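Topology and contacts: notes
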Amino acid sequence: MSNGIVQGIGSDKSAGAVFEKYRVWVGIVVTVALIFLMPAVLSGYSLGLLSKYLCYAMVAVGIGLAWGQGGMLTLGQGLFFGLGAYVMAIHLKLEELGPGQVPDFMAQYGITDLPGFWDLFRNPVVAVIGVAVVPGAIAAVLGILVFGRGVRGAYFAILSQALVAAFSVLLVGQSKTTGGANGLSDFSGFFGYDLTDPANKQMIYYICAFLVLAMVLIVRWIRKSFMGELIIGVRDQENRMKFLGYNPASIKVFAFSLAAMFAGIGGAMFVPVVGIISPSDIGVTPSILMLAGVVIGGRTTLLGPVVGTLLIRFAETQLSDAYPSAWTYIEGLIFILVIAFAPYGLGQAKDLWPWLKEKFGGGAGSTAGDVAAAGAVVGAKAVEA
Amino acid sequence: MSGTSRKEVSDVTEKNTAEKNTAEKNDISDAAQLRAEAQQLRDEARQMRDEVSRMKDEIVSERKRMQDLKDELSVLDDRGGQWSDYLEIQGLHVEFDGFVAVKDLNLTVQHGDLRFLIGPNGAGKTTIIDAITGLTPATGSAKFRGEQLLGRKPNDIVKLGVGRTFQTASVVEELSVLENLQLAEGFRKKTRDLFRPVRGVSQNIQYMMDVTGLTADAYKPAGILPHGKKQWLEIGMLLVQDAHLLLLDEPVAGMTPEERQQTGELLKRCSRNRTVIIVEHDMEFMRKFADSVTVLNQGEILAEGSVEEIQNNDEVVSIYLGGGEN
Amino acid sequence: MNMLFPQIVAGLSNGSILLLAALGLSLTFGQMGVINNAHGEFMMAGAYTAYVMSSLIGGNAASLALALVVGFVVAGLLGLLLDVLLLERMRTRPLDTLLVTFGVSLVLQQIARDIFGSTGVYAQAPEALTKPVTIFGYSFPAARLFIFILAIVCVAALYAVLKLTPLGRQIRATSENRDLAEVSGISTKAVDHVTFFIGSGIAGVAGVALSLLNSISYNFGTSFIVQAFLVVVAGGVGQLKGAVIASFVLGLCQSAVELPTSSSIAQMSVFLIVVIFLQFRPQGLVAIRSRNLA
């Protein structure tokens, strides 16, 4: 008899799954339509801005996976963003130069031979692979060292912050080979395409948009798979997972490295979109600001990080030039108010209805109780995360 | 048929009364016809009765088949257990910064045993479990099915069929009961399968939910379960995990008397074909369900034996009365 | 010896700077689990206090002494305000405090920028501290010696408060077992507030002291905060002893690497040293064994 219940619920669930599948396709079609609509309604300048927001959205998708799902509060995504960006920037610089030539800033320092790590990324295939693999590999090494020894929570957050701080200082310090505080800029082409041509800018926008879409779908796939359960399990009961026969470190390394790759790809696209990458784009503060959109959109949701990032970056462009001081206050207050009072951001909005019903409707019975209990669980989760 | 003929008859009577005789004859044949009809109905009824009884038989046999299937399923409960699956601890020694928590301990727990570890606080009960599950480094030897457990990582020890619970129920509260059980079942998955969605409910999980009484809660988040059910979920996870050595740390702490009773029965059932070790403070619970008891004090074994033997052991009594156990 | 000695002195001096910056963090992170990203801005508040004092009174010993006291109170009150308004409600989710306090640090930096402008200012130091002093035949900036002594005094004072006073007992009791402390009649809420006040106050003192070496601007604290966090991680949570040792070890390492290479490489190596160190002691230098699963 009880088996019947399971099967009954099971079939409900599969019906839900059918709906889910259907919903995803609608979502994809609408998104693709929107992506193609944008160039028609936006000016070239606005499209460039949107492309920039999309680069940050790629980072945010990864943060959503690593932090929202996996509980790894990474304050150092700027490192991976920067690695991807510098790999791309080095390649684009080399595209412009003939063999044996060095970039202007190196010539100013009197360097005549390209450093080895520059030459490595001359090959476009190596560069394209490098923008994802270099950040991914460094994240994997860091993850194995850190997660492998059970270092987590605040310790991990602090280490990731220290690493990105050290990285940006190192970039400035090694100015002879990295361009220092000025970074790398003035790129004329992107794999042979003229960057000043609006058609090519539009193409870069499409690349960014479809990359974001692809990343969201990858994360969705992970969330729906058994791996998604494992990642949540490791977030909430890391040590317990060992006694269920898993190695939590490898699960965390996987999620963290994937997030790093997304950040690296975002950084790589940032270079042709914005035309400059410098240490000031990837320091400690920019790295934490990469979390802002995730905070607003809802760290545990699939789309929240993307929506939140697009919103906040849009707001930033609108406000920061006109009211720079006010914008910083807004940014600060976003972190303060959202995290303190609505830790799940816009993703929490759907909880508002049951809450209102319970508070004002006097909704008695088990439903209200269940909701309250579920709320308590969510709260308790936040505790451990 | 008969109705029509009667109507015909009356038509004829109206037309021609001279043919009355014929009509009477017709009446007689009518009666015979009715009798035959009744007979036919009786036959039909008998047939139906036969059919009903046949169906009844079928239901009975179907019920029996279901019972057989259930029994077949319950074989799951008894998977793989054999006499050689026993735990043998020799010279187990655990030290924390100079403090000896477990002192050269020898302990053997047979397959099919429900062993209770009791003793005052700090006796080293939980430390023993920690040591053989890889949480705490230890020296000596602890073998299950002939495999050395010490020196391995917790997740490798699980693969040898050793499962444990913790004093505080540690389930993944945000995931449903079913998903928690799937987590417990999934550690044998190949890497490739980790990236596939989990569809449906495996027979194993369905059965274990039945055993632990969690079927109705399958899709509830584990976090909203009452304390007792969380502990049952933990036990269910061990079963789904196919653990043959079950190590339970205070499984009934905080449970109601009824929940204790049910937990005890469940554990008794589990122990039929497994090796079960329970750390417990609840003496009542121990008296009811223990097959055998080991009393620890300051990292050493004080006494070992059946519940009666332990209860009549003067040394144990003095430790418990004089030592100020909780 | 001749080469080594100035390097060791520089290392110890770096270590004392790290220690001053990390001491308050170690208290609030260790005792309360709060990761205060605004700690650097509390230091900035202390530094600006020193600037205001020296502008009002002039650069003399009295203004410095006054600045140390006022800086302690100003930063302490900022911390208390932060704790009462925000952190109190977040005791159960320590990781989130990191982001909330980051927001606070953004706001405090902007306030400083709006009040004092974006360009750096200098707090006029007392005459005596601007000259070098001679130790064992080596010339050494007096301000650094002052900071070194101040760091030691702060550690000693904090140690005395924690070990000897009833307040210290309550703080330690709360950090070890909050529930038990609560049922033993300690108001853990009040203890938390006091702890946060003291921890933030020390940041203010650090800010005053470090204003002797650096120019003061809105991002005064950011240059110290990351390394201070590393000290706390390497030292072990809640362990004064660990923080002291970690500060000086990291300070010595930094100066040892910095001399032959550059400060940017030194910073990277300090990070690597901490990560490698955590391979051996994931709980930090001084860890307490716990049987808890978490």
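Note that the structure is predicted; figures quoted are calculated from it, not measured. (Residues numbered from 1 in each chain as written. Chains lettered and ligands numbered in written order. Predicted model: local features only at pLDDT ≥ 70, side-chain atom pairs only at ≥ 80, totals over all residues.)

Some words on the overall build of chain B
Put simply, the test is: A run of H or I in DSSP becomes a helix once it reaches four residues, and a run of E becomes a strand once it reaches two; helices and strands are each numbered from the N terminus. Three exposure classes are used, based on other C-beta atoms lying within 10 Å of a residue's own C-beta, which is placed from the backbone: buried for 20 or more, exposed for 12 or fewer, and partly exposed in between.
Helix and strand content of chain B: 12 helices and 10 strands. The 326 residues of chain B split such that 39% are buried.

Here we look at the overall build of chain C
This is how the line gets drawn: Throughout, radius of gyration means the C-alpha value; the globule benchmark is 2.2 Å times the number of residues raised to the power 0.38. Two residues form a contact once the distance between their C-beta atoms, set from the backbone, is within 7 Å.
Along its length, chain C carries 12 helices and 2 strands. For chain C, the α and β elements follow one another from N to C terminus as α-α-α-α-α-β-β-α-α-α-α-α-α-α. Taken against the 2.2 N^0.38 rule, which gives 19 Å for 294 residues, the C-alpha radius of gyration of chain C at 19 Å falls within 12% of a compact globule. Considering only C-alpha atoms, chain C reaches an extent of 55 × 45 × 35 Å along its principal axes. Once local pairs closer than 6 in sequence are excluded, the contacts in chain C between residues at least 24 apart make up 78%.

With respect to helix α16 (residues 324-341) of chain A
Short version of the rule: Each helix should span, by expectation, one fewer than its residue count multiplied by 1.5 Å.
Its 18 residues give α16 of chain A an end-to-end C-alpha distance of 25 Å, which sits within 8% of 26 Å, the value for a rise of 1.5 Å per residue. Elements that come into contact with the buried residues of α16 of chain A comprise α14 (292-297) of chain A together with α4 (94-116) of chain C.

Some thoughts on unusual backbone geometry
Residues and elements named next belong to chain B. With a phi angle near 65°, Asp242 is a residue other than glycine that sits in the positive phi range. Of note, Asp242 is situated in the loop between α8 (227-240) and β7 (245-249). Unlike most non-glycine residues, Gln298 shows phi in positive territory, near 50°. In this structure, Gln298 sits in the loop between β9 (292-297) and β10 (300-305).

Here we look at the interface of chain A and chain C
Heads up, the rule is: Asp, Glu, Lys and Arg are counted as charged, while Ala, Val, Leu, Ile, Met, Phe, Trp, Tyr, Cys and Pro are counted as nonpolar; the rest, among them Gly, fall into the polar class.
Every contact between the two is made by 43 residues of chain A and, on the other side, 37 residues of chain C. Mapped by element, the contributors of at least two residues to the side of chain A that touches chain C are α6 (124-147), α7 (153-173), α11 (238-242), α13 (284-289), α16 and α18 (365-384) of chain A. Element by element, the count of residues in the side of chain A that touches chain C is highest for α7 of chain A, at 15 residues. Split by residue class, the side of chain A that touches chain C holds 31 nonpolar, 9 polar and 3 charged.

Description of the UniProt feature "transmembrane region" (unreviewed entry) in chain C
All names here are of chain C. The cut-off we apply is this: UniProt positions are given in the numbering used here, feature names are shortened, and annotations may be inferred rather than shown by experiment.
Here, the residues flagged by UniProt with the feature "transmembrane region" (unreviewed entry) are residues 64-86, 142-162, 194-213, 225-252 and 264-280. Measuring from the first to the last C-alpha atom of residues 142-162 gives 30 Å, for a span that is 100% helix and 0% strand. Between the C-alpha atoms that bound residues 194-213 the distance is 30 Å, and the span itself is 85% helix and 0% strand.

Notes on the sheet that holds strand β1 (residues 87-96) of chain B
All names here are of chain B. Put simply, the rule reads: Any two strands with at least two DSSP bridges between them are considered paired. Axis definition: a line fitted to C-alpha atoms, over the contacting stretch in the case of helices. Angles run 0 to 180 degrees between N-to-C directions.
Reading across from one edge, β2-β1-β4-β5 is the order of the 4 strands in this open sheet, with antiparallel pairing throughout. Both edges of this open sheet fall to β2 (99-109) and β5 (147-148), since each of them pairs with a single strand only. Sheet topology note: the strand β4 (residues 139-144)/β5 ladder contains 2 bridges and is antiparallel. Residue Lys143 lies in a different strand from β5, and its bridge partner there is Gln148. Those strands touched by helix α3 (residues 125-132) are β1, β2 and β4, and its axis lies near 75° from that of β2.

So, the sheet that holds strand β8 (residues 275-279) of chain B
Residue and element names in this part refer to chain B. Spatial ordering of the open sheet is given by β6-β7-β8-β3-β9-β10, a layout of 6 strands whose pairing is mixed. Because the sheet does not close on itself, it has two edges, and the strands there are β6 (162-164) and β10. The mean inter-strand angle of the sheet, taken between neighbouring strand axes irrespective of direction, is 20°. The pairing of β6 with β7 spans 3 bridges and is classified as parallel. Pairing of Val162 across the sheet is with Leu245, part of β7.

Structural notes on the packing of helix α5 (residues 177-185) of chain B against helix α7 (residues 203-212) of chain B
All names here are of chain B. As a reminder, the rule being used: For this classification, under 35 degrees means roughly parallel, over 145 means roughly antiparallel, 65 to 115 means roughly perpendicular, and everything else is oblique. Definitions for this section: a left-handed crossing has its near helix turned counterclockwise from the far helix by less than a right angle. A right-handed crossing has that turn clockwise.
In the contact formed by α5 and α7, the axes pass within 10 Å of each other and the chain directions differ by 125°. Our classification of the angle between α5 and α7 gives oblique. At the point where α5 passes α7, the crossing takes the right-handed sense. Only Asn204, Ile205, Met208 and Met209 of α7 make contact with α5, whose side of the interface consists of Leu178, Leu181, Gln182 and Glu185. Within the contact of α5 with α7, the residues separate by chemical class into 5 nonpolar, 2 polar and 1 charged.

Digging into helix α12 (residues 248-274) of chain A
When the terminal C-alpha atoms of α12 of chain A are compared, their 38 Å separation across 27 residues agrees well with the 39 Å that a helix rising 1.5 Å per residue should span. Where α12 of chain A terminates, the next one or two residues include Gly275 of chain A, which has phi positive at roughly 90°.

Observations regarding the packing of helix α2 (residues 44-69) of chain A against helix α15 (residues 304-320) of chain A
All names here are of chain A. Following both chains from N to C, one finds α2 and α15 inclined at 140°, their axes separated by 8 Å at the closest point. One element, α2, and the other, α15, form an angle in the oblique class. α15 is crossed by α2, and the crossing has right-handed handedness. Residues Leu49, Tyr53, Tyr56, Ala57, Ala60, Val61, Ile63 and Gly64 of α2 form the contact with α15, whose participating residues are Gly304, Pro305, Val306, Thr309, Leu310, Arg313, Phe314 and Thr317. Looking at the contact of α2 with α15 residue by residue, the classes come out as 11 nonpolar, 4 polar and 1 charged.

What to know about the pairing of strand β2 (residues 138-141) of chain C
Residues and elements named next belong to chain C. As paired elements, strand β1 (residues 132-135) and β2 share 4 bridges and run antiparallel to each other. Opposite Thr134, over in β2, you have Ser139 as the bridge partner. Turn length for the β1-β2 hairpin, with the two strands adjacent in sequence and antiparallel, is 2 residues, and the turn residue Phe136 shows positive phi of about 50°.

Notes on the pairing of strand β3 (residues 114-118) of chain B
Residues and elements named next belong to chain B. Summarising burial for β3: 5 of the 5 residues are buried, a large majority. Here β3 shows no split at all, with Leu114, Phe116 and Ile118 on one side and Arg115 and Leu117 on the other all buried. Note: β3 against β9, 4 bridges, orientation parallel. For Ile118, the partnering residue across the bridge sits in β9 and is Val295.

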